[in-house]
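An overview of the molecular structure
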Amino acid sequence: MIEMIPGTVTLATLEDIYRNLTPARLDASAREPVEAAAQMVAEAAAGEAAVYGINTGFGKLASTKIAPEDTATLQRNLILSHCCGVGEALPEDKTRLMMTLKLLSMGRGASGVRWLVIDQIEKMLAHGVIPVIPSQGSVGASGDLAPLAHMAAAMIGAGEATFEGARMSSDEALKKAGLEPIVLGPKEGLGLINGTQFSTACALAGLFDAWRMAEASMTIAALTTDAIMGSTAPLVADIHTLRGHAGQIDVAQQMRAIMDGSEIRESHREGDTRVQDPYCIRCQPQVVGAALDVLRMAAKTLEIEANAVTDNPLVLVGEGRIVSGGNFHAEYVGFAADQIALAVAEIGAIAQRRVALMVDPTLSHDLPPFLTPDPGLNSGFMIAEVTTAALMSENKHLANPCVTDSTPTSANQEDHVSMAAHGALRLSKMNANLSVILGVEMLCAAQGVEARAPLQTSARLQDVLAMLREDIPSLAEDRYLAPDIEAASAMVRAGRVAAAAGVEVSA
């Protein structure tokens, strides 16, 4: 169980929750400010003055005053009416992360919910009652309304949830876990569904996975460099310090360390008639380094957003006011998601060119055509390269910006939206595509390095080869390749490739 102090949670903690499904709860110190804000909301609900979302309707219906005795019905109706999500259910890891982010937001003491609302989310996480969240339906303002409504519905015994691997009504799931549905008080429904937690959770997941891809790409690019007997001169430290970008310096440093001691590299320092390698070999630090720095920018934004209060209205206890604003607008998340998408697409673009380089006998420096020992009778990695080209192209299309696409909704009350939700959601597909591109590159590079025997690659890259060959043998003759590609891409996704080479770059 992870205890969190709202406003201070790091990306490392959030990645632990995402990767390991670790339950989280708020530190007890958050309770007093939460209850103080809830008391202000209770007083406003009993008063005569209209306060948005507490004793009024919502959106375009904000001018409709709601009687005190109807405030609980108002909140329940809000949740049920907003459960309009469609599409595939969000995976459990992202759903848990979304719920955790909602805890952090409400735990800042500006949402006006009672502690029992927070307690319900904590208990659901601890007992494994996971709301079924349809993945489509949010435009990223006024918050992720539809997906968060499905989360809130599970808390009150409506909608669906999973428990112990089975999908069922949320009421049944709560009962099986020994929990009870809660009844929402004034503003609590609004506090639950206003916010950017769906978009932010998906963007964070995309960030965490993209970072793994970047680390794997450094390792695999080094293996490819040895496979085609490429030069390490472009990795010389002074080149990169003269330019000064941190990401570029990091990638070059990692690749120098990975390739240190390679017999293959030492064998062609003298007498190599080639003057320069193609850009996909020579410019890996400049391209993936730039992607690293873009991911770092996105990471900074998302860490702030993960700790932010993003619902509306906000309860300013210190000032004794309840104020409407626009923190639910997910523009920051939309920009971050677009940045991540661009980085993922570019890491894949340069990796795909290295695959194409290795299978082409006119460019691969004497490797056999398509990396098969018996070309003609066998096609080797011919179509595996085509698959990487297809996925590279798909990622280019997916990388087009989402945040620039806005459409008015809710009778023009919500007339500019961020589109952060599907901007963040696409990152899962893009990272999956990238893992395949890198997995195929690793298979090709391993085959190429083995073709250089008796010369050996570096000790760290030999460790990568040993890990790979535990599950996937060399390609002596054509065989059914789909399982090999999936196994190699799974190694990339799991972080095994970078770990085998000892690569770890700080965000």
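What comes next is a walk through the structure.

Reading the values: the criteria
- Residues numbered from 1 in each chain as written.
- Predicted model: local features only at pLDDT ≥ 70, side-chain atom pairs only at ≥ 80, totals over all residues.
- Heavy atoms only, no water.
- Core = buried A, V, L, I, M, F, W, Y, C linked by side-chain atoms within 4.5 Å.
- Buried < 20%, exposed > 50% of the residue type's maximum accessible area, 1.4 Å probe, protein only.
- Helix = DSSP H or I, 4+ residues; strand = E, 2+ residues; numbered from the N terminus.
- Contact = heavy atoms within 4.5 Å.
- Axes fitted to C-alpha atoms, helices over the stretch in contact; angles between N-to-C directions.
- Parallel < 35°, antiparallel > 145°, perpendicular 65-115°, else oblique.
- Left-handed = near helix turned anticlockwise from the far one by under 90°.
- Nonpolar A, V, L, I, M, F, W, Y, C, P; charged D, E, K, R; others polar.
- Pairing = 2+ DSSP bridges.

1. A closer look at the nonpolar core
- Ranked by size, the top nonpolar core spans 149 residues in total, and within it Leu 14 and Leu 204 carry the most contacts.
- Ranked by the residues each element gives to this core, the list is headed by helix H9 (residues 197–227), at 19 residues.
- Among all residues touching Leu 14, those that are not within four sequence positions of it are Val 9, Leu 97, Leu 101, Leu 104, Leu 204, Phe 208 and Ala 306.
- Grouped together as the second largest cluster of nonpolar side chains are 8 residues, Ala 37, Val 41, Ile 54 and Val 315 included.

2. Quick look at the packing of H9 against helix H11 (residues 246–259)
- Close contact between H9 and H11 brings their axes to 9 Å; oriented N to C, the two are set at 55°. The orientation of H9 with respect to H11, classified from their angle, is oblique. In this structure, the crossing between H9 and H11 has a hand that is right-handed. In this structure, H9 uses Met 218, Thr 219, Ala 221, Ala 222, Thr 225 and Asp 226 to contact H11, whose residues at the interface are Val 251, Gln 254, Met 255, Ile 258 and Met 259.
- For the contact of H9 with H11, the residue count by class is 7 nonpolar, 3 polar and 1 charged.

3. Overview of the sheet that holds strand S6 (residues 160–163)
- Strand order across the open sheet formed by 3 strands is S4-S6-S7, with antiparallel pairing between neighbours. Looking at which strands have only one partner, the edges of the open sheet turn out to be strand S4 (130–131) and strand S7 (166–169).
- For S6 and S7, the ladder comprises 4 bridges, and the chain directions are antiparallel. The partner of Thr 162 across the bridge, within S7, is Arg 167.

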